[in-house]
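# Summary of structural features
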Amino acid sequence: MERTLSLIKPDAVFRNLTGAINSRFEQAGLRIIAQKRLLLTKSQAEKFYEIHRERAFYGSLCGYMSSAPIVAQILCGKNAVSKNRELMGATNPANAEIGTIRRDFGEGVERNAVHGSDSLENAVLEIGFFFSELEIIE
Ligand code: UDP
Ligand code: MG
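As a starting point, this report considers the structure included with it. All of these numbers come straight from a predicted model, not from anything done at the bench. (Residues numbered from 1 in each chain as written. Chains lettered and ligands numbered in written order. Predicted model: local features only at pLDDT ≥ 70, side-chain atom pairs only at ≥ 80, totals over all residues. Heavy atoms only, no water.)

## Quick notes on the site of ligand 1
For ligand 1, the full set of nearby residues is K9, H52, F57, L61, R85, T91, R102, V109, E110 and N112. Here an oxygen atom of ligand 1 and a side-chain polar atom of K9 are 2.9 Å apart. R102 has a polar side-chain atom sitting 2.9 Å from an oxygen atom of ligand 1. Within the complex, 79% of the 500 Å² of free accessible area of ligand 1 lies under protein. (Near = heavy atom within 4 Å. Polar contact = N/O pair within 3.5 Å; in protein donor to acceptor, adjacent residues only side chain to side chain. Areas by Shrake-Rupley, 256 points an atom, 1.4 Å probe, with all protein chains shown as cover.)

## Description of the pattern of salt bridges
Under the criterion given, the structure shown has nine salt bridges. Residue R15 pairs with E107 through a salt bridge whose shortest N-O separation is 3.4 Å. Within this pair, whereas R15 is found in the loop between α1 (10–14) and α2 (18–27), its partner E107 is found in the loop between α6 (101–105) and β4 (114–116), the two being separated by 92 residues in sequence. Salt bridges sharing common partners tie together D11, R15, E107 and R111. (Salt bridge = Lys/Arg side-chain N within 4 Å of Asp/Glu carboxyl O. Helix = DSSP H or I, 4+ residues; strand = E, 2+ residues; numbered from the N terminus.)

Structure representation (structure tokens):
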């Protein structure tokens, strides 16, 4: 069993897609073992995406991610990290496979509906960024 961090991004939360996206996870056998709605500050978004700080899109991405509420959640299941990345699809919704969350719900390369940890190592760090053990009920 693995845990991975998922974020439903402002574009999808605003369009009331939280339930539709959650049902993709649940239908694929991933269990939502923690979940909360929150509004990041710009500096919190900058810290979360620090790995991308040299990239041209960093400033815009952090502005966007702190512009409106997100839903942070922990998904648990067999191969949760890679399974979630498959469900999400490619970063740019235009390149994502049909039936993936980003293809079906993303609005563009930045406003692409969801974030998912890209490795088990990063999942541990990202879960720790958003949740304490007290909030995680398996
Ligand atoms: N992003 C962007 N422009 C790009 C690449 C990425 O705005 O050219 C945004 C997009 O929201 C993406 C996030 O930055 O989800 C993090 O990028 P990463 O390469 O880690 O993609 P992901 O792991 O989310 O697929
Ligand atoms: Mg990434």
